[in-house]
Amino acid sequence: MTVFKTFWKVVKKYKGTVILYTVMLIVFGALNMTTGDNQTNFVDSKPDILIINNDEEIGITKNLIDYIKANSKIKDIKNDEEAINDALFYRDVNYIIYIPQNYRQDVLNGKNPEINIKSTGDYQASLAEMTLKRYIKIQNTYGSKIQDEAELIKSINNNLSKKSEIQITSKLDAKKLQSQAQYFNFATYSIMAIVIFVVSIVLASFHEKTINKRTIISSMNYKKHNKMLLLSSFIYSSAVWIFFSIMGIVLLGETMLTSRGLIYMLNSFVFTFCSLTIALLISTLINNKEAISGIINVIALGSSFLCGAFVPAEWLPDTVLKVAHILPAYWYINSNDLLKTMEIINIENLKPVFINMIVVIGFSIAFIIINNLVSKRKQKVG
């Protein structure tokens, strides 16, 4: 009990650090909830287009212009190349369409006249290009079979008027799922920082030469002493996990009490245990508290940035993600990202998540083995 009580006395000295990282998690978790509450609706976006028509605005040519007008915002700019280029440069227009001379007659003769364009190359320009290509494709399809202009225009417009019906079959709340994943992803940093920092520093205090000597000459068995330290570290890490799980329930509500939420908590427990094994290894390798503090910042921040805790993994370069595979945080975060896209929670769908957990457990076992080897070597040297 002496070791147990001493462990928690040392932990109390670093309660400020625990509170700091906890507050960070709560603040960022709350911010994610706030941004998630903003309703994301689809807004029909129309690109800014300039049409330079070198043909007569009648018949099939007029039909093309009318279609573009209906699906974009037409800009009126002086027909001067310098003014046109300036408008493109300053994004006053996204897309410029040059309709050539004799366009109407060439289409009616079964030809495919070339339409020159200028583009800003952004997503609005891409939308304008899709609109133009759709019209031209349909026009060419019917133009090769229909010679009468009125019939051709009617067929083109009938085809263009057809709209796809979209049905949303999923009843999942995407905002809540996103909030869950963001909370547990950001918890990567808080869990690693709180568990590794405190456990490493506390164990380093017990490993100091003066403390070690007192332990050796005391009546307490050295193995029992170490078991008590391990038990205390495990209880502390479990307490951190329980607290963060409760905070997740408070911030995210009833979604955490579903099977999905329980898997999130199980995944975070596996990762918390892995963080504990890292802490044990660091405390065995290094006794300098200042060095431990620097190393932990590198591990916690590095893992969070490289593995997708702060920046979503889908936004990270492939080379970064390949490097991240050697870190347990990558597999933990990957499970969170898989869970948020999972419509049905069942054993089959959860296989990749369980595989990721096994990988994290594998990391934990590796750290324990390395820790034991280092400890034995240090004892022989001592």
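Numbering of residues starts from 1 in each chain and follows the order in which that chain's sequence is written. Reporting of local features is limited, given that this is a predicted model, to residues whose pLDDT is at least 70; pairs of side-chain atoms are given and counted only at 80 or more, and all residues count toward the totals for whole chains, interfaces and linings. Here the side-chain values reflect all heavy atoms present in the structure, with hydrogen atoms and water set aside.

## Structural notes on the packing of aromatic side chains
The condition is simple: Aromatic rings from Phe, Tyr and Trp, with only the six-membered ring used for Trp, were paired whenever their centres fell within 6.5 Å, and each pair was classed as stacked if the ring planes differed by under 30 degrees, edge-to-face if by over 60, and tilted otherwise. Counting from the N terminus, the helices are DSSP H or I runs at least four residues long and the strands are E runs at least two residues long. Residue exposure (1.4 Å probe, protein chains only): buried if accessible area is under 20% of the type maximum, exposed if over 50%, otherwise partly exposed.
Applying the stated criterion to the full structure yields twelve aromatic pairs. Ring centres of Y189 and F310 lie 5.6 Å apart, and the angle between their planes is 65 degrees; on these two criteria the pair is classed as edge-to-face. Of this pair, Y189 sits in helix α8 (residues 174-206) while F310 is found in the loop between α12 (289-307) and α13 (318-324), placing the two residues 121 residues apart along the sequence. For F310, a relative accessible area of 26% corresponds to the partly exposed category. For the ring pair W241 and F269, a centre distance of 5.0 Å and an interplane angle of 70 degrees mean the geometry is edge-to-face. One end of the pair, W241, is in helix α10 (residues 222-252); the other, F269, is in helix α11 (residues 259-285), and 28 residues separate them in sequence. Members of the aromatic cluster, each reached through a chain of ring pairs, are F186, Y189, F305 and F310.

## Some points on the side chain of T61
Basically, it comes down to this: Throughout, a contact is declared for two residues whenever any of their heavy atoms are within 4.5 Å.
Its location among the elements puts T61 in helix α3 (residues 59-70). For T61, a relative accessible area of 0% puts it in the buried group. With sequence-adjacent residues up to four places away left out, T61 is seen in contact with N53, D55, E56, I99, Y103 and R104.

## Structural notes on the packing of α3 against helix α6 (residues 123-143)
Going by this rule: Whenever a helix is involved, its axis is fitted only over the stretch in contact; in every case the axis is a line through C-alpha atoms, and angles between N-to-C directions fall within 0 to 180 degrees. Throughout, a crossing is termed right-handed when the near helix is turned clockwise from the far one, and left-handed when it is turned anticlockwise from it by less than a right angle. The residue classification treats Ala, Val, Leu, Ile, Met, Phe, Trp, Tyr, Cys and Pro as nonpolar and Asp, Glu, Lys and Arg as charged. All others, Gly included, are polar.
Close contact between α3 and α6 brings their axes to 10 Å; oriented N to C, the two are set at 145 degrees. Read as a crossing pair, α3 and α6 show a hand that is right-handed. Residues I60, N63, L64, Y67 and I68 of α3 lie in contact with α6, whose contacting residues are T131, L132, R134, Y135 and Q139. Of the residues contributing to the contact of α3 with α6, the split by class is six nonpolar, three polar and one charged.

## Details of empty space enclosed by the protein
Let me state the cut-off plainly: We place a 1 Å grid over just the protein atoms. Points where a 1.4 Å probe fits but has no way out form a cavity, open points with protein on both sides within 12 Å along at least 5 of 7 lines form a pocket, and any residue with an atom within 4 Å of a point lines it. Grid points are joined across faces, edges and corners, and a volume is the space filled by probe spheres set on the points.
Scanning the model with the defined rule gives one cavity of 30 Å³ or more in all. One number sums up the size of the largest cavity: a volume of about 40 Å³. Lining the largest cavity, in full, are F234, S237, S238, W241, F269, T272 and F273. The set of elements that each furnish at least two residues to the lining of the largest cavity consists of α10 and α11.

## A look at the pairing of strand β1 (residues 48-53)
We count it as follows: A pair of strands is considered paired only if DSSP assigns at least 2 bridges between the two. Every crossover in which the path from the first strand over the helix to the second runs clockwise, viewed with the strands pointing away from the viewer, is termed right-handed.
Burial runs high along β1: five of the six residues are buried. Strand direction decides the pairing type here: β1 and strand β2 (residues 73-74), joined by two bridges, are parallel. Note that in β2 the partner of I49 across the bridge is I74. Assessed by its sense of winding, the connection that carries the chain from β1 through α3 to β2 is right-handed. Sheet topology places β1 next to strand β3 (residues 95-99); five bridges connect them, and they run parallel. Looking at β3, one finds that I49 is bridged to Y95.

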